[in-house]
Structure formats: structure tokens, C-alpha cells
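Read off the chains here:
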Amino acid sequence: MRVDIVSIFPEYLAPLDLSLIGKARANGTLRLAVHDLRTWTHDVHRTVDDTPYGGGPGMVMRPEPWGEALDSLAPAEVPPPHLVVPAPTGVPFTQALAHELAAAPHLLFACGRYEGIDQRVLDHAATRMPVTEVSLGDYVLFGGEVAVLVILEAVTRLLPGVLGNAGSLEDESHAHGLLEAPMYTKPATWRGLDVPEVLRSGDHGRIARWRRDAALTRTALRRPDLLAALDLGTLDKRDMVA
Ligand SMILES: Nc1c(O)cccc1[N+](=O)[O-]
């Protein structure tokens, strides 16, 4: 997978040199490049923003640098890159969207700052590539860089070979629309608190049912919205497996 990230604060993306993403870059699973948007400015002040039409507070990112950046990083390639724009106005970022993005051969991230990017940049890009504005949640950040770190971690870990134990992907939270059951490790008793006996029973059928029930209970209590969206038929099939 090729990933290009455009930002006016490229140093914000330094954590992408670390840990499993850093290893994926080193072994070629991920070909990632971070670009400074000011590369595509031509004035002495390297201006990337201006006042908003219609008035209002703050500044808006000018279309010209972005247009040149996207032209440079997304030439007429087939298939075109998927442009991902983290923004409070985006669609919710979910595990399902992470899987969709993980299937793309080339992701292009545009990190907005100030009051955002001139809308025409996204409209023009959408004439030649898929464009998705993505929101991590209903709150406001300084810009898109931190969101890119989150999105890229969720996407990269889905790529073959990145996680040492691919089995981790099978029953983790959101893998099947539920929150994960509580997890325990040694010692069996800690500060007077015991690990549930069923998990130490060695009875894999009982353990699977306990985990499924615990996941359902946790999801119902904390995320009833997920439960409402769950295909209970799928749950029934999983139940038969368990
Ligand atoms: N919320 C927000 C923002 O305020 C700016 C950029 C990205 C996001 N987000 O992804 O949630």
C-alpha cells in the first residue's frame, strides 16, 4: 500500500516512523511519504490560507496549493488514489471503513487546518478519485494530523503481515459488531479478585459461550447502538459455531 500525507505540519506525523507502522514501512508493506503543503506555494510568504468568503472567524485553506499537491501526488493513475480528508464534518470512522481503506492500493490524506480546506478542492478531486471526509468523533481538533495517525493505525494493522498474530483480528472489538469480552491473565487471584472460573476450565465451548455472552452484555450496556445494528442472524450462526 502506498500512502501520501499532505500537511502544513509534517513533523506532526513523526510517530509514523515508530512501532509496527515503522516496521511496515521498513519492510515495504507500506510505502509512506509525508509532504509539506507549502511545497506547492509560490509566494515569498508561502501562503496557504486566506479569509473566508461570506465573512466569519478564522481562515480557510486556499485551493491553489492543494490543487497542485493533488495533481502532483495523484497523477492520472489507474486506479486513482482514495483521498481521505479528516474533518469534523466527515462520516464516522468505523472498523468497516478501516477495512475498506485497507483494500485501497493508494491512500492520499489531506490534513486540513484553520477553518478547513476550500470546498472546491474536494469537489474537483471527486471528479477523478474517490473522496471521503472522515470524522473520528463529535469534537473539534486543531487539524487533521492526529486523526490521520489514528486512521492509519487502524488501517495498517489490517494489512497482511503487519500484526504478528493475525488471529488478534478475529475476535477483537468491532470485528463482529460487538465490543470484546473482558480479558484476564495470570495471576488467577489478584488483590482478592479472581479470574472467572470458566476461563480456567479448559472447556472451550463454555469459554466461547461465556465470551459471547459477556460481549453481548458489555455491548448492550455501553453501545446499544451497535447492538441495534447487529445482524442477529449472523450472531445466531456464530452461536452455532461456539
Ligand atoms: N474533529 C476533527 C477536527 O476538528 C479536525 C480534523 C479531524 C477531525 N476528526 O477526524 O474528528
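Just so we're clear, the structure is a prediction, and the values are computed from it rather than from any experiment.

A. Seen up close, the confidence of the model for the protein. Here the protein shows a mean pLDDT of 92. Residues at 70 or above account for 93%. Residue range residues 236-242 is modelled with pLDDT below 50. Its contacts to residues more than four positions away, or to other chains, number seven contacts. With pTM at 0.90, the complex prediction returns an ipTM value of 0.97.

B. Up close: the domain arrangement of the protein. Here the protein is described as being made up of domain 1 (2-156) and domain 2 (171-241). Between the C-alpha centres of domain 1 and domain 2 the distance comes to 36 Å.

C. Region of interest: the sheet that holds strand β2 (residues 31-36). Judged by pairing direction, the sheet is parallel, and its five strands sit side by side in the order β2-β1-β6-β5-β7 without closing on themselves. The open sheet terminates on both sides in strands that have one partner only, identified here as β2 and β7 (131-135). Neighbour-to-neighbour, the strand axes of the sheet open up by a mean angle of 30°, direction not taken into account. For strand β1 (residues 2-7) and β2, the ladder comprises six bridges, and the chain directions are parallel. Of the residues in β2, the one forming a bridge with Arg2 is Arg31.

D. Focus on the environment of Ala87. Its location among the elements puts Ala87 in strand β5 (residues 82-92). Measuring from C-alpha to C-alpha, the distance between Ala87 and Arg222 comes to 25 Å, with 135 residues separating the pair along the chain. Here Ala87 is in contact with Glu133, Val134 and Ser135, once residues within four sequence places are set aside.

E. Representation of the site of the ligand within the structure. In the vicinity of the ligand, 13 residues are found, and the nearest of them are Pro88, Leu136, Tyr139, Val140 and Leu141. At 3.4 Å from an oxygen atom of the ligand is found a side-chain nitrogen or oxygen belonging to Ser135. Within the backbone of Leu136, one N or O atom sits 2.9 Å away from an oxygen atom of the ligand. Taken by itself the ligand offers 280 Å² of open surface, and the protein chains cover 95% of this. Mapped onto the shell around the ligand, the elements with two or more residues apiece are β5 and β7. Here the element with the most residues in the shell around the ligand is β5; it accounts for three residues.

The rules we used
Residues numbered from 1 in each chain as written. Predicted model: local features only at pLDDT ≥ 70, side-chain atom pairs only at ≥ 80, totals over all residues. Heavy atoms only, no water. pLDDT = per-residue confidence, 0-100. Contact = heavy atoms within 4.5 Å. Domains from an automatic or database assignment. Pairing = 2+ DSSP bridges. Helix = DSSP H or I, 4+ residues; strand = E, 2+ residues; numbered from the N terminus. Axes fitted to C-alpha atoms, helices over the stretch in contact; angles between N-to-C directions. Near = heavy atom within 4 Å. Polar contact = N/O pair within 3.5 Å; in protein donor to acceptor, adjacent residues only side chain to side chain. Areas by Shrake-Rupley, 256 points an atom, 1.4 Å probe, with all protein chains shown as cover.

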